[in-house]
Amino acid sequence: MTLDLANIVGLIGSSMMVIAYAYSNMAKVLNFTLFNLLNLVGALLLICSLTVHFNVASMALEVVWAVIALIGLAKALRKGKAS
């Protein structure tokens, strides 16, 4: 593996998703906006990386992950405005 820009972007995306996962397991009160935003940005960065170093299984996973995070983010933002 070469450490090119695509791999660096992918590593940053992966790190964001791991941070979101750790946060969800350690936080006493989960901020759903932050959690879903970290997951969405992480998935989008990984998708960018995968456009250079394509893997169909990883791409499918990241697209689904991004959609779920986008839905969760929209729900969290709507709930926040309703409060």
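In this text, all values refer to a predicted model and were calculated from it rather than measured experimentally.

Student: Can you help me understand the overall build of the protein chain in this one?
Tutor: What the protein chain contains, in helices and strands, is three helices and zero strands. Walking the protein chain from its N terminus toward its C terminus, one meets helices and strands in the order α-α-α. Over its C-alpha atoms, taken along the principal directions, the protein chain stretches across nearly 45 × 25 × 20 Å. Relative to its 83 residues, the protein chain shows a buried fraction of 30%.

Student: Explain the environment of Tyr-21 to me, please; I cannot follow it from the model alone.
Tutor: When you line up the elements, Tyr-21 lands in helix α1 (residues 5-26). Put simply, Tyr-21 and Glu-62 are 41 residues apart on the chain and 15 Å apart in space, counted from C-alpha to C-alpha.

Student: What should I look at first to understand the UniProt feature "domain: CBU-0592-like" (unreviewed entry) in the protein chain in this one?
Tutor: The UniProt record marks residues 7-79 with the feature "domain: CBU-0592-like" (unreviewed entry), using the residue numbering of this structure. Taken end to end, residues 7-79 is 89% helix and 0% strand, and its two terminal C-alpha atoms sit 36 Å from one another.

Quick notes on the rules
Residue numbers here run from 1 along each chain, matching the order of that chain's written sequence. Local features in this predicted model are restricted to residues of pLDDT 70 or higher, and side-chain atom pairs are both shown and tallied only at a pLDDT of 80 or more, whereas totals for entire chains, interfaces and linings draw on every residue. Just so you know, side-chain values use all the structure's heavy atoms and leave hydrogens and water out. For helices the rule is a DSSP run of H or I covering at least 4 residues; for strands it is a run of E covering at least 2, with both sets numbered from the N terminus onward. Accessibility here uses a 1.4 Å probe with only protein chains present; expressed as a share of the type maximum, an area under 20% marks a residue as buried, one over 50% as exposed, and anything in between as partly exposed. UniProt positions are given in the numbering used here, feature names are shortened, and annotations may be inferred rather than shown by experiment.

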